[in-house]
Amino acid sequence: MKVSRIRAIAKKELIQIRRDPLSLAMAFLMPVMLLFIFGYAITLDVNNLETVVCDLDKSMLSRELVAQFGESDYFTIIDSVHSQGEIDGYLDRGEALVAITIPQDFSEDIKKGRPAGLQVIVDGSDSNTATIALGYVSGVTGLFSKRISLRQSPPLIDTRVRVWFNEELKSRNFIIPGLIAVIMSVIAALLTSLTVAREWERGTMEQLISTPVKTQEFILGKLIPYFLIGFIDMLISVLLAVFLFDVPMRGSLFLLAVLSSLFLFGGLSLGMLISIVAKSQLVASQIAMVATFLPAFLLSGFMYTIANMPKPLQLITYAIPARYFVSILKDIFLKGNALNMLLFETALLGLFALVVFAIANKQFKKRIE
Amino acid sequence: MLLRIKEMIIKEFIQVFRDRRMLAIIFITPVIQMLAFGYAATTDVTNISTAVYDLDKSLESRELVQRIESSGYFSVKVHVEQADEIQDLLERGKVIATIQINRGFSENLKKGIPSSIQVIVDGTDSNTATVAMEYINRIIMNYSGDLSRNIETGTPTIDLRARAWYNPDLRSRNYNVPGVIAIVIMLTCLLLTSMAVVREWEIGTMEQLMVTPLRPIELMLGKTIPFAAIGFFDMLVVTTVAVFWFHIPIEGSLLWLALNTAVYLLSVLGMGLLISTISRTQQQAMMATFLFYIPAVLLSGFMFPIENMPQVIQYGTYINPLRYFLVIIRGIFLKGSGMDILWPQTLSLFLLSIGVVTLSSLRFKKRIQ
């Protein structure tokens, strides 16, 4: 392996990248734009649930309960209706997510010490929001009954809940590190997935084969320029996360840089492998898309908890580098974990990079022969 | 004219199907994605890994732990023996919640003195944390209620009767799978259209097409009809998987679904064509596709409710075809909504399609001249 030949390939690739300024601009623009939009747009916090109220009781107590719903940030009362039939329309059209019906004898029941029924309907089609909405409803009614109950003995058990690592429960704090992992997975594969396929398609590969360059030199040389681009992308993303979105950075930046490099190396090698196998850019692009974005998005534990997936699928997630990168980023950002806590992730990320790089080398050799 | 378009369509199909791998990608990857994501995409919070630190070791404390475990939401992974284990477990991410029952718990209960329970939740994933806290509170409150009932026969003041419509079991899969259909179809069609058209420019075969007597409109139709057909076929395949494999109910009309799919595909193909007219190389087309696709997915309401996004971004979502199609497909699948309810979405999608197709054909024509 000769450094001079690697340098020559890298230089050639850099010239090629420079010749396509639009792609280069997009490579830098992508993380900025995506993080910028999503950092602001994406929140899992559920509030302002559109609510319709049907108060059949029309008493002091029922009005007080409605007021209590209205005052909480979680519910926005969009209308009061007079019959239950009207509620259906609101739910069907999706204009309201929650419907609360207070029955006629609500206040009388309470005064007589009987349990008063309260009917709540939620739109269950978004089960996540619905579950959270139901939780809020029981929170508000719990407070209400506490307030009105005349002979309320203090609750026997006093639960003291504390939250660690993300004390204010800001969803942004875990979404941003997760997004960085997803965006970088995609970018890494995108950057390299067309490079080799393009050489084949344009017929320049034959020329390269006739040079004395060796497989490893060729692949390393091709990787280096894209590694630089990827690293700058990563840097931009972290800066945006910390300074624009105020995500706390509790761990070591140096560790983050080292582990990101490892991740990038794996991701770029994967792109390269796709490019070598696919031979045509059209096929390569489809494979890159399927192999990176959706797995990184859905199977990395970023959005959906891996522990809740069926066992075979859980096994598949071990082969997805984004899985390790997501937990590395969250841990370094929010928990301030050091390397000794991240050994498992680091080891598997390294293993992934090595295996993919080796396969890419092997596949490439076959093609030349 | 019809004859020329027919010839062109045949040529396109030959081109797409000549590459075996392309064939596999078009027909198999949507199914694989559908299967993987149908299983992965569950936001149900269950099996929250939990550590219990029971210092009391009494009948009562064991009863409480038993209730937490049998609720189905928590799976008690560790029984902690020493206080410092808790920190370690949380930092390593081995557990999401820890529950500490202090010494004297049962004695206090018997004496009627409020006793406290300490709960620590990993807030990294704020969504799971919120739900976990809600569940713990509810279980402990119930337990506390049962205990006080034994002591002084108090009754709960409000009896909450909650129901979820459209998805009574609150299965998140029912909500997510129709969404996955929409994004899988979009990915395949978008990438196929944008790349395949640019490819002709890049390789230089577009010039050859231009010297044939084909008119621009014929050229465009000939290029897009095959992709529309492929998209429609893919839609059929993944919908079949959703219904027969995942048992997602289709409450609404299939005909109405097909009609809306056609409009949706038109808009996606229009977007793909538009990308192909602004890109010079396949690399650019691929990047531009990503730059459009990722925001389109994340800002569609697929997982993050649009109402929670900042106003400016909400306006931006009006040009996202996925936004409308998600409402349509979820409405048809889960609510059985028909034209009377979904017509605003269908109309918007239709207008958007016309807009995009017009814009892209204008640009296409300009590029030809």
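Residues numbered from 1 in each chain as written. Chains lettered and ligands numbered in written order. Predicted model: local features only at pLDDT ≥ 70, side-chain atom pairs only at ≥ 80, totals over all residues. Heavy atoms only, no water.

A. Highlighting the overall build of chain A. Helices and strands together make up the secondary structure of chain A, namely 15 helices and five strands. The C-alpha radius of gyration computed for chain A amounts to 28 Å, which surpasses the reference 21 Å derived for 369 residues by more than 25%, pointing to a less compact arrangement than a globule. Per-residue burial over chain A gives 58% buried out of 369 residues. Looking at chain A as shown, the accessible area adds up to about 15100 Å², and 62% of this sits on carbon and sulfur atoms. A gap of 15 Å separates the mean positions of the 34 positive and 31 negative side-chain charges of chain A. (Helix = DSSP H or I, 4+ residues; strand = E, 2+ residues; numbered from the N terminus. Rg over C-alpha atoms; globule rule 2.2 N^0.38 Å. Buried < 20%, exposed > 50% of the residue type's maximum accessible area, 1.4 Å probe, protein only. Areas by Shrake-Rupley, 256 points an atom, 1.4 Å probe, with all protein chains shown as cover. Lys, Arg positive; Asp, Glu negative; His and termini not counted. Charge placed at Lys NZ, Arg CZ, Asp CG, Glu CD.)

B. View of the interface of chain B and chain A. Between chain B and chain A, the contact holds 114 residues from the first and 115 residues from the second. Along the contact surface separating chain B from chain A lie four salt bridges. A salt bridge links Glu201(A) to Arg199(B); its shortest N-O distance comes to 3.5 Å. Counting every contact that joins chain B to chain A gives 11 residue pairs in polar contact (both at pLDDT 80 or more). By residue number, the principal contributor to the side of chain B that touches chain A is helix H7 (residues 126-152) of chain B, which donates 18 residues. Of the residues in the side of chain B that touches chain A, the class split is 62 nonpolar, 33 polar and 19 charged. (Contact = heavy atoms within 4.5 Å. Salt bridge = Lys/Arg side-chain N within 4 Å of Asp/Glu carboxyl O. Polar contact = N/O pair within 3.5 Å; in protein donor to acceptor, adjacent residues only side chain to side chain. Nonpolar A, V, L, I, M, F, W, Y, C, P; charged D, E, K, R; others polar.)

C. Quick peek at the confidence of the model for chain B. Residue and element names in this part refer to chain B. Looking at chain B as a whole, the pLDDT averages 84, with 93% of positions reaching at least 70. Across chain B, the secondary-structure element scoring lowest on mean pLDDT is strand E5 (residues 158-165), at 64, and the one scoring highest is helix H11 (residues 254-278), at 93. Ignoring residues within four places in sequence, the model shows residues 152-156, a span with pLDDT below 50, making seven contacts including any to other chains. The ipTM, which scores confidence in the relative placement of chains, is 0.73 for this predicted complex, and the corresponding pTM is 0.77. (pLDDT = per-residue confidence, 0-100.)

D. Summary view of the pattern of salt bridges. On inspection of all chains with the given rule, the structure shows 19 salt bridges over all chains. The shortest N-O distance in the salt bridge between Asp122(B) and Lys335(A) comes to 3.6 Å. Of the two residues, Asp122(B) sits in strand E4 (residues 115-122) while Lys335(A) sits in helix H14 (residues 321-335), which places them in two different chains. Neither Asp122(B) nor Lys335(A) differs from the other in exposure class; each is buried. In this structure, the salt-bridge partner of Arg67(B) is Glu63(B), at a minimum N-O distance of 3.1 Å. With a gap of four residues between them, Arg67(B) and Glu63(B) both fall in helix H4 (residues 59-70), about one helical turn apart. Because the salt bridges share partners, they merge into one network encompassing Lys12(A), Glu13(A), Arg198(A), Glu199(A) and Lys222(A).

E. Structural view of the packing of helix H11 (residues 253-278) of chain A against H14(A). Residues and elements named next belong to chain A. Contact geometry of H11 with H14 gives a least axis separation of 11 Å together with a crossing angle of 170°. Judged by the inter-axis angle, H11 sits roughly antiparallel to H14. Side by side, H11 and H14 meet where Leu-255, Leu-256, Leu-259, Ser-260 and Phe-263 of the first sit next to Pro-321, Ala-322, Phe-325, Ile-328, Leu-329 and Ile-332 of the second. Among the residues making up the contact of H11 with H14, the classes are represented as 10 nonpolar, one polar and no charged. (Axes fitted to C-alpha atoms, helices over the stretch in contact; angles between N-to-C directions. Parallel < 35°, antiparallel > 145°, perpendicular 65-115°, else oblique.)

F. Structural detail: the nonpolar core. Ranked by size, the top nonpolar core spans 162 residues in total, and within it Phe293(A) and Phe297(A) carry the most contacts. The biggest single contributor to this core is helix H8 (residues 172-203) of chain B, with 16 residues. Other than its neighbours up to four places away in sequence, Phe297(A) contacts Val182(A), Phe302(A), Met303(A), Val297(B), Leu298(B), Phe302(B) and Met303(B). Leu118(A), Tyr136(A), Ile101(B) and Tyr143(B) belong to the second largest nonpolar core, which has 52 residues in total. (Core = buried A, V, L, I, M, F, W, Y, C linked by side-chain atoms within 4.5 Å.)

G. Quick peek at the layout of surface pockets. In this structure, the second largest pocket occupies an estimated 1300 Å³ of space. Surrounding the second largest pocket, 39 residues form its lining, Arg323(A), Ser327(A), Arg92(B), Gly93(B) and Lys94(B) being those nearest its centre. At the level of secondary structure, the elements contributing two or more residues to the lining of the second largest pocket comprise helix H13 (311-317), H14 and helix H15 (343-368) of chain A together with strand E1 (48-54) of chain B. In terms of residues, the lining of the second largest pocket owes the most to one element, H14(A), which gives seven residues. Of the residues in the lining of the second largest pocket, the class split is 14 nonpolar, 13 polar and 12 charged. (1 Å grid on protein atoms, 1.4 Å probe; cavity = no way out; pocket = protein on both sides within 12 Å on 5 of 7 lines; lining within 4 Å. Points joined across faces, edges and corners; volume = space filled by probe spheres on them.)

H. Region of the structure containing the packing of aromatic side chains. In total, this model carries 16 aromatic pairs over all chains according to the counting rule given. Relative to Tyr135(B), the ring of Phe74(B) has its centre 6.5 Å away and its plane inclined at 90°; by these criteria the two rings are edge-to-face. Placement of the pair is Phe74(B) in strand E2 (residues 74-79) and Tyr135(B) in helix H7, with a sequence separation of 61 residues. Here the two residues Phe74(B) and Tyr135(B) agree in accessibility, since each one is buried. Ring centres of Tyr315(B) and Tyr318(B) lie 6.4 Å apart, and the angle between their planes is 35°; this geometry places the pair in the tilted category. An aromatic cluster of at least three residues, connected via ring pairs, comprises Phe293(A), Phe297(A), Phe302(A) and Tyr293(B). Across the ring face of Tyr318(A), the terminal group of Arg323(A) is positioned such that the distance to the ring centre comes to 4.4 Å. (Phe/Tyr/Trp six-rings, centres within 6.5 Å; stacked < 30°, edge-to-face > 60°. Lys NZ or Arg CZ within 6 Å of the ring centre and 35° of its normal.)

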